Amino acid sequence: MQNIEKTDVCIVGAGPAGVATSIMLSNLKIHHYIIDKAIFPRDKTCGDGLILYAYKSMQLLGENLFQNFLKNPKFIHSKNIQLHIADNFRVNFKESKDRNMVISYAKRIDFDNFLVNHLSDKYAHKNFGNAVKVIEKKESGVFLKLKDGQEILSKVVVGADGAQSIVARKLAKNKGNSKLMSTFVCAYFNDVKNLPLKKDAEVRLVYKDTLLFFYLFPLADGQVNVSLGGRTDQIKKHNINLITEIEDIIKNHKKVKDKFSEATKVGSWRGWTIPFHFGTQKVVGDHFLLVGDAAGLSNAFYKEGIGTGMMSGIIAAKNIEKCLDQDDFSEDFLRNYEEEIKNEFSKLLKFSYYSLRFANLKKPFYYMASLLKSTIENKSQALMKKRSYK
């Protein structure tokens, strides 16, 4: 350990949660390392939708960041999300007339690179294309050894390395829980027809042996991101082949098939997981904390993970500043971070989790949604204003 690099903060993972942590640390004038196994730009399998907290986080990180996002030609925006609960019934989550968008669409290769390009040259010491191979707790911090042999000793480590987080596995000793996780497949398509003129998001509830979610998101380059998924344990239990199911929907669903009559798939189907286990597993410990998917902060029902991840990174950075001021990196002190993200997210995430469970009951959910359609549509605007951009 003679050539070891010492730092106050080391962020593992440069996705949206990690970059948000880094930008906020830079705003607070705190030097830090940020590490990622990939070299940017890099692709990332995702549904490519951005809502709510993604906007709020970008504004909090800097108005220039948010304005640059709005002006970027690779990102497009819409004022409406169509949630099709049945073929003949939908609920619209529409932004009010005085506001510009409820959802944006951005390929992750473009959005994540956009964020990385806003990292500070002064405060963020970037090390990309260099995976963490060893991570161990020491008395004075956390020791990391990277793929190229570089060694780092950090007073605090931020686990921003996603659903398969090495920080969560090695330091928190967390294990995956298929009951609190979604599995999805997606692919890009060219020449999808009859899409809404105002670029509405199309989300359909598909009832097989379990509830599945089907998404159509239009993109700036004319392609469409098409995805399907549901709760991981139920997909395994019922032996559901998501690729078979999504191809059947595209070919045979009466509300979908005409859109794909001349469409061609770009590349192959790809899969990913969305963890929503927050509140059931460890997110802080001596000298470490978890953000984003590593902390299980995705929304169980409508699958928002980018925004909640970014917001958790902002909260993490502010708590790290307090740790440095007090020279205290203990689990007890870092629980302040855990309490703050609970206060920020718990009500919404719990509501989403129980909404997902209720939605599995097809007829009762349809009846309740029909009964409360106007109330849901009206109250959703207040929710969007509270948890989105100003």
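The preceding data block contains the structure.
Residues numbered from 1 in each chain as written. Predicted model: local features only at pLDDT ≥ 70, side-chain atom pairs only at ≥ 80, totals over all residues. Heavy atoms only, no water.

Let's talk about the pattern of salt bridges
Then, number 1: Tallied over the full model, the rule gives 21 salt bridges.
Then, number 2: One salt bridge connects D332 with R335, and the closest N-O pair in it is separated by 2.5 Å. Linking D332 with R335, this pair stays in helix α9 (residues 331–359), spanning three residues, or about one helical turn.
Then, number 3: Looking at R335, the relative accessible area reads 36%, which means it is partly exposed.
Then, number 4: Put simply, K373 and E377 hold a salt bridge, and the shortest N to O gap is 2.7 Å. In this pair, K373 and E377 are both assigned in helix α11 (residues 373–386), four residues apart and thus about one turn of the helix distant.
Then, number 5: In this structure E377 comes out as buried when scored by relative accessible area, which is 19%.
Then, number 6: Taken together, the shared-partner salt bridges connect K282, E331, D332 and R335 into one network. (Salt bridge = Lys/Arg side-chain N within 4 Å of Asp/Glu carboxyl O. Helix = DSSP H or I, 4+ residues; strand = E, 2+ residues; numbered from the N terminus. Buried < 20%, exposed > 50% of the residue type's maximum accessible area, 1.4 Å probe, protein only.)

Points about a nonpolar patch on the surface
Then, number 1: Among the surface-exposed residues, Y367, M368, L371 and L372 lie close enough to one another that they form a single nonpolar patch of about 400 Å² accessible area.
Then, number 2: Residue position: Y367 is located in helix α10 (residues 362–371). (Patch = residues over 30% accessible without salt bridge, like charges linked within 9 Å, V, L, I, M, F, W, Y side chains within 5 Å. Areas by Shrake-Rupley, 256 points an atom, 1.4 Å probe, with all protein chains shown as cover.)

Quick word on the sheet that holds strand β4 (residues 76–78)
Then, number 1: Spatial strand order, β3-β7-β4: three strands in an open sheet with antiparallel pairing. Two strands lie at the open edges of the sheet, namely β3 (49–50) and β4, each paired on one side alone.
Then, number 2: Across two bridges, β3 lies against strand β7 (residues 103–105) in antiparallel orientation. By the bridge assignment for β7, L50 is matched with S104. (Pairing = 2+ DSSP bridges.)

Some thoughts on the pairing of strand β5 (residues 80–86)
Then, number 1: Across the seven residues that make up β5, a large majority, seven, are buried.
Then, number 2: Alignment of β5 against strand β6 (residues 89–94), held across six bridges, turns out to be antiparallel. Looking at β6, one finds that A86 is bridged to F89.
Then, number 3: From the end of β5 to the start of β6, which pair antiparallel, there are two residues.
Then, number 4: Across four bridges, the pairing between β5 and strand β13 (residues 201–207) is parallel. Pairing of I81 across the sheet is with A201, part of β13.

Some thoughts on the environment of Q59
Then, number 1: Of note, Q59 is situated in helix α2 (residues 53–61).
Then, number 2: C-alpha of Q59 to C-alpha of K390: the two residues are 331 residues apart in sequence and 8.2 Å apart in space.
Then, number 3: Contacts of Q59, omitting those with residues within four sequence positions, involve F66, Y389 and K390. (Contact = heavy atoms within 4.5 Å.)

Topic: the sheet that holds strand β15 (residues 224–231)
Then, number 1: Pairing within the open sheet is mixed, and its seven strands lie in the order β6-β5-β13-β14-β15-β12-β16. Every other strand in the sheet has two partners, leaving β6 and β16 (264–275) as the edge strands with one partner each. Averaged over neighbouring strand pairs, the angle between their axes works out to 20° when direction is ignored.
Then, number 2: Those strands touched by helix α7 (residues 242–252) are β12 (181–190), β13, β14 (211–218), β15 and β16, and its axis lies near 130° from that of β15.
Then, number 3: Set on the sheet, α10 makes contact with β5, β6 and β13; between it and β5 the angle comes to about 135°. (Axes fitted to C-alpha atoms, helices over the stretch in contact; angles between N-to-C directions.)

Notes on helix α8 (residues 306–326)
The periodicity of an α-helix, 3.6 residues per turn, causes residues three or four positions apart to be oriented the same way.
Then, number 1: Compared with an ideal rise of 1.5 Å per residue, which puts 21 residues at 30 Å, α8 spans 30 Å between its outermost C-alpha atoms and is within 8% of the ideal.
Then, number 2: With 15 of 21 residues buried, α8 is to be regarded as a mostly interior element.
Then, number 3: Just beyond α8, the residue with positive phi is D327, at close to 50°. (Expected span 1.5 Å × (residues − 1).)

What to know about the packing of helix α1 (residues 16–27) against α8
Then, number 1: Viewed as axis vectors pointing N to C, α1 and α8 meet at an angle of 35°, and their least axial separation amounts to 7 Å. For the pair α1 and α8, the crossing hand works out as right-handed. Residues P16, A17, A20, T21, M24 and L25 of α1 lie in contact with α8, whose contacting residues are I306, G309, M310, G313, I314, A317, K318 and I320.
Then, number 2: A per-class count over the contact of α1 with α8 returns 10 nonpolar, three polar and one charged. (Left-handed = near helix turned anticlockwise from the far one by under 90°. Nonpolar A, V, L, I, M, F, W, Y, C, P; charged D, E, K, R; others polar.)

Side note on the state of the cysteines
Any covalent bond linking the sulfur atoms of two cysteines counts as a disulfide.
Then, number 1: As enumerated under the stated definition, the model contains zero disulfides in all.
Then, number 2: Free cysteine: C10, not disulfide-bonded; nearest cysteine sulfur from C323 at 15 Å. (Disulfide = S-S within 2.5 Å.)

Quick look at the packing of α1 against helix α4 (residues 108–116)
Then, number 1: Where α1 contacts α4, the two axes come as close as 9 Å, and the packing angle between them is 15°. Overall, the two elements α1 and α4 adopt an arrangement that is roughly parallel. Taken as a pair, α1 and α4 cross one another with a handedness that is left-handed. Contacts from P16, V19 and I23 in α1 reach R108, F111, D112, L115 and V116 in α4. (Parallel < 35°, antiparallel > 145°, perpendicular 65-115°, else oblique.)

Details of the packing of aromatic side chains
Working definition: an aromatic ring pair is given by the centre-to-centre distance plus the angle between the planes.
Then, number 1: According to the stated counting rule, one finds 26 aromatic pairs in the structure shown.
Then, number 2: Taking the centre distance of 5.2 Å and the plane angle of 70° together, the rings of Y353 and Y354 count as edge-to-face.
Then, number 3: What makes Y353 partly exposed here is its relative accessible area of 23%.
Then, number 4: Grouped by ring-pair contacts, the aromatic residues Y105, F184, F213, Y215, F217, W272, F301, F358 and F365 constitute a single cluster.
Then, number 5: Positioned above the aromatic ring of Y389, the side-chain terminus of R99 is 4.0 Å from the ring centre.
Then, number 6: Above the ring of F213, the side-chain terminus of K303 is found at 4.3 Å from the ring centroid. (Phe/Tyr/Trp six-rings, centres within 6.5 Å; stacked < 30°, edge-to-face > 60°. Lys NZ or Arg CZ within 6 Å of the ring centre and 35° of its normal.)

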